[in-house]
Amino acid sequence: MKKEASEIKIDFSGKGSSLGDFYGIFFEDINHSADGGLYAQMVQNGSFEFCTTDNASYTPLTAWEAVGEATLKAKNKGSLFPKNPCYVEVYAITQGKNGIRNTGYNGMYVKKGEKYSLSFFAKGAMDITVALENSRGETLASGDVSLNEEWDSYSLEFKAKAEALDASLVFYLNSHGRIGLDAVMLFPHDTYKNGVWRKDLACALEELKPKFMRFPGGCLVHDGALNPDERDACYCWKNTIGAPQARPSKRNNWGYNQSLGLGYYEYFLLCEHFKCQPLPVLPAGWNPHRQDACPMEQMQPWIDDALDLIEFANGGEDTYWGKVRCSLGHPKPFKLKYLAIGNEEVGEEFPPRYSVIAKAIKEKYPKIKLIHSAGPFPDGSEYRRGYEAARKDGADLIDEHYYSSTNWFLANIHRYDKFPAKKPKVFIGEYATKANEYYNAVVEAAYLTGMENAAHAVSLTCYAPLLCHNDYVNWRPDLIWFDNSRVCKTPNYYVQKLFSNHLGDYLLPLEKKNVKTHHSLAMPLTGDAEIVSDGCEGWIWDVSVVNLQNGDVTQLNNFDVAPYSKTCLSNINLPSYEIHLSFKRSPDGRQDKGIWLVFGKEDDKNSFRWEIGGWQNQDSAVTSSDQGENALWDQHIFSIESEHEYKLCLRVEGRKISTFVDGNLMNTCEALLPQIDDVYVSASKIKKTDEAIIKAVNVREEAHDVRISLGGTYSGFVYSLSGYDKHACNTLEKELISPKEEAVSFKDSLNLTLEPLSVYVIRVKKQA
Ligand code: AHR
């Protein structure tokens, strides 16, 4: 029997919540997104500053090699750039093809007929030849330069006569002797808006039509030393402006070096080009990764950094930092409106530090919208601490982050429905399901309809991470993948693009009929229970399982916990039960790790776990792995101490999970099941053009009919994603998945068959 069509009745003259700046992007230099990515500079380690603080394998000569009989010596005294003190001395004992080569980021991509600009500093009274070569040693372009005895700056223009994916830049010494070389920069002429941004990547971002850009991180912002002059300092915006050669090279917490060539000025400019709001994230004198807090009485520099940044962005020429901006070539203010203090701050140290910074900002700049952090988890005591503090402080927005399984997203589509329509409004500053497969994109689309429908509470959203260089992966999934010459727009990208490009000013009220909800039976909480060591050693005893329905108690064996071991306790097939055990961690083994009590385990990809001393021995967390995709259900700050005898108890009652340590409640949560609707839908209107935008998503593997009634005559387009395998992906080689576009016109209502696993954006204009 054919299923009844769902009826979606939209009130075209009604007016719901405003959608404002709903869709944005989040740029962080992770996965070589900036250096080696969006920052178009092709030379890696151009200033010879790489060191072991950035990455254990780095030296000042990383990405450089000697050519011919040259010898290379890294020097750290006498450079023109005191904050970047290193340079290289190249010595050629003979005359011949001797010199130094930079191999870029696993090669450089050079296009036939394209022009490239080279700049560098050198000394040494010698004639040199600089060339772009392919890996066979063939010259693609070259030029000659006569060097002065003392440091001076030089530039050259190249035009490539052939294409190469494996090009390198070589400096040949034309006689024997030595030269000093520093601050080498090579850019293609063909960049985005003639700036420092790689064109294809910047265009891919621009196409998203973001309303805001959150930058520059992420953990990049707050994970580092509090002293901005240290090599591994947390992100200090003042280090990132001015001549790129003079910006102090820093450790990037994602395990590499950041040249800071893409700095705050370039980020602001990019936002201006994208016509989007800049949304900077500042550290707040508290590094939760290292538990390092600036004493409260020494917070003034952090307060000043925030005030100065606003002045840099918005101040006139008559202000100190406004004048700096003008001197960089931008007399017009950048109109900064949003500012986030903190990224994913956990711990009691954050709220008072946020408070003093926020107070100073609000006193001087009351119109700036300030964003508090809700921490890295979608629930739990740190999440609640974030909310309480944000409310107390009158924050305008609060930044939530979550990376979860598709089932978590499907279970949470109505997460914000009951949130109040008042400050702090929700900013979903980082989120993603766990893959770049087609199904993930469809689920994200369904979730976004839920977020749009909750626009009374949710103001801003952005997917994370944004970019990933194929050869330097820190994190997956990512919205856009790239290598030196190609870009891969994922299905997730196309969902963001469809949803962001087509968005009304405000929601249109809608009524749904015949929309069934299908309850999933996924992931029961029964199955194997086991103890896993995350690196620590210890002992377990007094182990028992209690059947909560009849009180039966089963005693289990004692055992030792070896590092990285897994010990099965029992197979538990009860609707409600408790697991009790005593645990003592040994002072041997990893002290930054605890144990996991795994439960409800079906197989290696499907289980729940209670992490006791999880992450860096900082959490008690309840998580799940659902078809290999993780989700976090509850988190509480907790650290295991060695030699203490802990009494641990896990209680499962249906879907409710509670954990206790020494009789104290640690976690409590309900592991929600996905409830899958026949169709997920949202509707909005662009007032000026009288257009309705209706988004409809089918996450099920069967087609479903819908009738969308608007009243009146409409014509426009339907943009859709459909017809792909659940696991299909786009790759650098092949774009399999991209939206289709079809003209549509109808009177009063539109009948549409939503294909299995499909996303539709219907954009229609009312006809007179
Ligand atoms: O987006 C990747 C990382 O995830 C961000 O740096 C951090 O904020 C989060 O943990």
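Before any of the text, the structure's been laid out above.
Throughout, residues of each chain are indexed from 1 in the direction in which the sequence is written. Only residues with pLDDT of at least 70 get local features here, since the model is predicted, and only at 80 or more are side-chain atom pairs given and counted; chain-wide, interface and lining totals rely on the full set of residues. In computing side-chain properties, one takes all heavy atoms of the structure into account and sets aside hydrogens as well as water.

Enquirer: Give a detailed account of the state of the cysteines, specifying residues and quantitative values.
Expert: The rule for a disulfide is simple: a pair of cysteine sulfur atoms within 2.5 Å. Overall, the coordinates contain zero disulfides when judged by the stated rule. Just so you know, cysteine 276 is unpaired, no disulfide at all, and the nearest cysteine sulfur is the one on cysteine 271, 4.1 Å from it. Note on classification: 1.4 Å probe, protein chains only; a residue is buried when its accessible area is under 20% of the maximum for its type, exposed when over 50%, partly exposed between these limits. Judged by relative accessible area, which is 8%, cysteine 276 ranks as buried. In this structure cysteine 568 is a free cysteine whose sulfur lies 18 Å from that of cysteine 536, the closest cysteine sulfur available.

Enquirer: Before we move on, can you summarise the site of the ligand with the specific residues and values?
Expert: Contacts to the ligand come from Glu28, Ile30, Gly218, Cys219, Trp254, Asn343, Glu344, Tyr403, Glu430, Pro465 and Trp475. Between an oxygen atom of the ligand and a side-chain N or O atom of tyrosine 403, the distance comes to 2.7 Å. Contact with the protein chains covers 94% of the free accessible surface of the ligand, which is 280 Å². Each residue gets one of three labels, nonpolar for Ala, Val, Leu, Ile, Met, Phe, Trp, Tyr, Cys and Pro, charged for Asp, Glu, Lys and Arg, and polar for the others, Gly among them. Taken together, the residues that form the shell around the ligand break down as six nonpolar, two polar and three charged. The criterion for a residue being near a molecule or strand is simple. One of its heavy atoms has to lie within 4 Å of it. Each polar contact in these results corresponds to two N or O atoms within 3.5 Å; when the atoms are within protein, one needs to be able to donate a hydrogen and the other to accept it, and residues that are neighboring in sequence are counted only if both atoms are side-chain atoms. Accessible surface area values rest on a Shrake-Rupley calculation with a 1.4 Å probe, where residue burial reflects the displayed protein chains alone.

Enquirer: Report on the pattern of salt bridges, specifying residues and quantitative values.
Expert: A side-chain nitrogen of Lys or Arg and a carboxyl oxygen of Asp or Glu constitute a salt bridge if their distance falls within 4 Å. The final tally for this structure, using the stated rule, is 43 salt bridges. Residue lysine 497 pairs with glutamate 207 through a salt bridge whose shortest N-O separation is 3.2 Å. Pair noted here: lysine 497 is in helix α10 (residues 491-501) and glutamate 207 is in helix α1 (residues 199-207), with a separation of 290 residues, a long-range link. Judged by its relative accessible area of 29%, glutamate 207 falls in the partly exposed class. Across the salt bridge formed by glutamate 578 and arginine 651, the nearest N and O atoms sit 2.6 Å from each other. Here arginine 651 lies in strand β43 (residues 645-653) and glutamate 578 lies in strand β38 (residues 576-589), a separation of 73 residues in the sequence. Residue class for glutamate 578 comes out buried when judged on its relative accessible area of 10%. Arginine 651 sits in the partly exposed class, given a relative accessible area of 26%. Each of Asp223, Asp232, Arg251 and Arg290 takes part in a single network of salt bridges with overlapping partners. Labels follow the DSSP assignment, with helices taken as runs of H or I lasting at least four residues and strands as runs of E lasting at least two, numbered in each case from the N terminus.

Enquirer: Lay out unusual backbone geometry in plain terms, naming residues and giving numbers.
Expert: Cis geometry marks the peptide bond from lysine 423 to proline 424, where omega comes out at -5°. Relative to the elements of secondary structure, proline 424 occurs in the loop between α8 (406-411) and β25 (425-432). A cis amide bond, omega -20°, links alanine 464 with the succeeding residue proline 465. The phi torsion at lysine 193 lies on the positive side, around 55°, for a residue other than glycine. Residue position: lysine 193 is located in the loop between β14 (191-192) and β15 (197-198). Although it is not a glycine, glutamine 291 sits at a positive phi angle of roughly 55°.

Enquirer: Which residues make up the sheet that holds strand β22 (residues 338-341), and what values go with them?
Expert: Pairing is parallel across the open sheet formed by eight strands, whose spatial order is β2-β16-β19-β22-β23-β24-β25-β26. Each edge of the sheet is formed by a strand with only one pairing partner; in this case those strands are β2 (25-26) and β26 (458-461). Between any two strands, pairing holds if DSSP finds at least two bridges. Of the strand pairs in this sheet, β2 and strand β16 (residues 212-215) are connected by two bridges, and their pairing is parallel. Within the sheet, the bridge partner assigned to phenylalanine 26 lies in β16 and is arginine 214. In this analysis, two residues are considered to be in contact whenever any of their non-hydrogen atoms come within 4.5 Å of each other. Only the stretch in contact is used when fitting a helix axis, every axis being a line fitted to C-alpha atoms; angles between N-to-C directions are given from 0 to 180 degrees. The strands touched by helix α6 (residues 350-364) are β22 and β23 (369-373); relative to β23, the strand with the most contacts, the crossing angle is about 175°.

Enquirer: Mind laying out the environment of cysteine 669, listing which residues take part and the relevant values?
Expert: Take cysteine 669: it is sitting in strand β45 (residues 664-670). According to the relative accessible area criterion, cysteine 669 is buried, its value standing at 9%. Counting along the chain gives 173 residues from cysteine 669 to glutamine 496, while the straight-line C-alpha distance between them is 31 Å.

Enquirer: Describe the packing of helix α4 (residues 300-314) against helix α5 (residues 320-327), with residues and values.
Expert: Taken N-terminus to C-terminus, the directions of α4 and α5 make an angle of 45°; their axes are 7 Å apart at the nearest point. As far as their axial angle goes, α5 and α4 are oblique. In this structure, α4 meets α5 at a crossing whose hand is right-handed. Taking contact as the criterion, the partners of Asp308, Glu311, Phe312, Ala313 and Asn314 in α4 are, on α5, Tyr320, Trp321, Gly322, Val324 and Arg325. The class makeup of the residues in the contact of α4 with α5 is five nonpolar, two polar and three charged. Any angle between 65 and 115 degrees counts as roughly perpendicular, while under 35 counts as roughly parallel, over 145 as roughly antiparallel, and the rest as oblique. Crossing handedness is defined as follows: a turn of the near helix away from the far one that is anticlockwise and smaller than a right angle gives a left-handed crossing, while the clockwise case is right-handed.

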